Amino acid sequence: MRDQLRMRLGQVWPELEIIGEAKNGDEAIELVDQLKPDFTFLDIRMPGKTGMEAASVIGNKSHIVFVTAYDAYAVEAFERGAVDYVLKPPEQERLQITVDRLKTRMSKPTAAADVNASVTAMLSQLAEKIATPKPAYLQWIQASIGQDLRMIPVEEILFFRSDEKYTCVQTERYEALIRKPVRDLAEELDPALFWQIHRATLVNVNAIEGVTRDIRGRHLVMIKGKPDKLEVSRSFLHLFKQM
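Residues numbered from 1 in each chain as written. Predicted model: local features only at pLDDT ≥ 70, side-chain atom pairs only at ≥ 80, totals over all residues. Heavy atoms only, no water.

Engineer: Help me out: how do you make sense of the nonpolar core in this one?
Structural biologist: Grouped together as the largest cluster of nonpolar side chains are 16 residues, with contacts concentrated most on Ile141, Phe160 and Val169. Where this core is concerned, the elements lending two or more residues are strand S4 (140–145), strand S6 (157–162), strand S8 (175–178) and helix H7 (182–188). Those residues in contact with valine 169 that sit more than four places away from it in its chain are Ile141, Ala143, Ile152, Ile157, Phe159, Phe160, Tyr174, Glu175, Ala176 and Ile178. (Core = buried A, V, L, I, M, F, W, Y, C linked by side-chain atoms within 4.5 Å. Buried < 20%, exposed > 50% of the residue type's maximum accessible area, 1.4 Å probe, protein only. Helix = DSSP H or I, 4+ residues; strand = E, 2+ residues; numbered from the N terminus. Contact = heavy atoms within 4.5 Å.)

Below you can see the structure in the form of C-alpha cells.
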C-alpha cells in the first residue's frame, strides 16, 4: 500500500518529496519527530499504535491525512477541510483533491496551529471508537418447537418472555422455547431493536403497537396483530415517555 500511495502521489504532485516511511504507528511518531515533515499520511489500523493514536501524539507537528479502508470512523469529522480522509485504494482523482487541499493549507501557515489543535481534539474523541470494535449482536436464535429445532432471524421475533425454566420466543406465526434467560439475551441483542421492559421480558420495538394501562394502573405494551399485553416494570417506563 505504501508503494501504491508513493506512486499515486508522484503522479499528482511530482515536486513532493517523500522523506520517510514508517511500518507502524510507533515508528511514524519517531519519524515525525526526527524529520519534521509538513504532511503525514497515516492508515487507521497499524501494528503498535493505531493511526488515531499516532495522530494524537503527532498533534500539530505535521498536517495529517488518513488513507484507510475504514470509512465509518472519521469521514464526517475530517471532510470539513481541517485534514483529509482518503479511502483505499487511493485513486488518482481523489488524491488530486487531497493535494489541492494540502497546497491551500501550505499557503496559510498562520492557521496551521489552530487547525491541528482542532484535529487533535477530534482525534482524542475518536480514538476510543477505533480501539473498540462495534459489538456483534445476535442475528439468529436457535429455538425448539416440540422435537424440532428452528433457526429464527431475530428481526422476526416479536418478544421474549421468561419463566423460571424457559424463555418463550414469540414470532408472528409460532411460539418456540429456549433455555437462555432474558438477562443474557439483553446483553447479546441490539438494544436499538429489542427493549427490555421487565426483568423477564424483551420486546421488538417494531412490534409495539402502543402502551395502555389496566385498572390496577399497570402499564402494558400492546403487540401488533397479537392479543398479548406485556407488563412494563416501573424502572423501564422511561422508554415510553415519548410515546
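Engineer: What should I look at first to understand the pairing of strand S5 (residues 148–153) in this one?
Structural biologist: Consecutive residues of a regular strand have side chains that alternate between opposite faces of the sheet. Note that S4 and S5 share 6 bridges and pair antiparallel. Looking at the pairing, isoleucine 145 lines up with aspartate 148 of S5. Counting the residues that bridge the hairpin from S4 to S5 gives 2 residues, and of these glycine 146 lies at a positive phi of roughly 65°. (Pairing = 2+ DSSP bridges.)

Engineer: Would you explain the sheet that holds strand S11 (residues 208–213) in this entry?
Structural biologist: Pairing between sheet strands relies on hydrogen bonds along the backbone, with the strands arranged either parallel or antiparallel. Across the sheet, which stays open at both edges, the 3 strands sit in the order S11-S12-S13 with antiparallel pairing between neighbours. The open sheet has two edge strands with one neighbour each: S11 and strand S13 (229–232). Put simply, the sheet's adjacent strands are angled 30° from each other on average, direction ignored. In this sheet, S13 lies alongside strand S12 (residues 219–223) in antiparallel orientation, the contact comprising 4 bridges. Within S13, the position partnered with leucine 220 by the bridge is glutamate 231. (Axes fitted to C-alpha atoms, helices over the stretch in contact; angles between N-to-C directions.)

Engineer: Got a minute to help me understand the packing of helix H2 (residues 25–35) against helix H3 (residues 51–58) in this structure?
Structural biologist: Interaxial distance between H2 and H3 falls to 9 Å at its minimum, and their mutual angle equals 20°. As far as their axial angle goes, H3 and H2 are roughly parallel. Crossing of H2 over H3 shows right-handed handedness. Residues Gly25, Ile29 and Val32 of H2 pack against Ala54, Val57 and Ile58 of H3. Residues belonging to the contact of H2 with H3 are distributed by class as follows: 5 nonpolar, 1 polar and no charged. (Parallel < 35°, antiparallel > 145°, perpendicular 65-115°, else oblique. Left-handed = near helix turned anticlockwise from the far one by under 90°. Nonpolar A, V, L, I, M, F, W, Y, C, P; charged D, E, K, R; others polar.)

Engineer: What am I meant to see in the packing of aromatic side chains here?
Structural biologist: Using the criterion set out here, one finds 3 aromatic pairs in the structure. Where tryptophan 195 meets phenylalanine 240, the ring centres are 5.5 Å apart and the plane angle is 75°; that geometry is what we call edge-to-face. Placement of tryptophan 195 in strand S9 (residues 194–198) and of phenylalanine 240 in the segment after S13 is noted, with a sequence separation of 45 residues between them. Phenylalanine 240 shares its class with tryptophan 195; the two are buried. The cationic tip of arginine 150 hangs over the ring face of tyrosine 174; the distance from NZ or CZ to the ring centre is 4.9 Å. (Phe/Tyr/Trp six-rings, centres within 6.5 Å; stacked < 30°, edge-to-face > 60°. Lys NZ or Arg CZ within 6 Å of the ring centre and 35° of its normal.)

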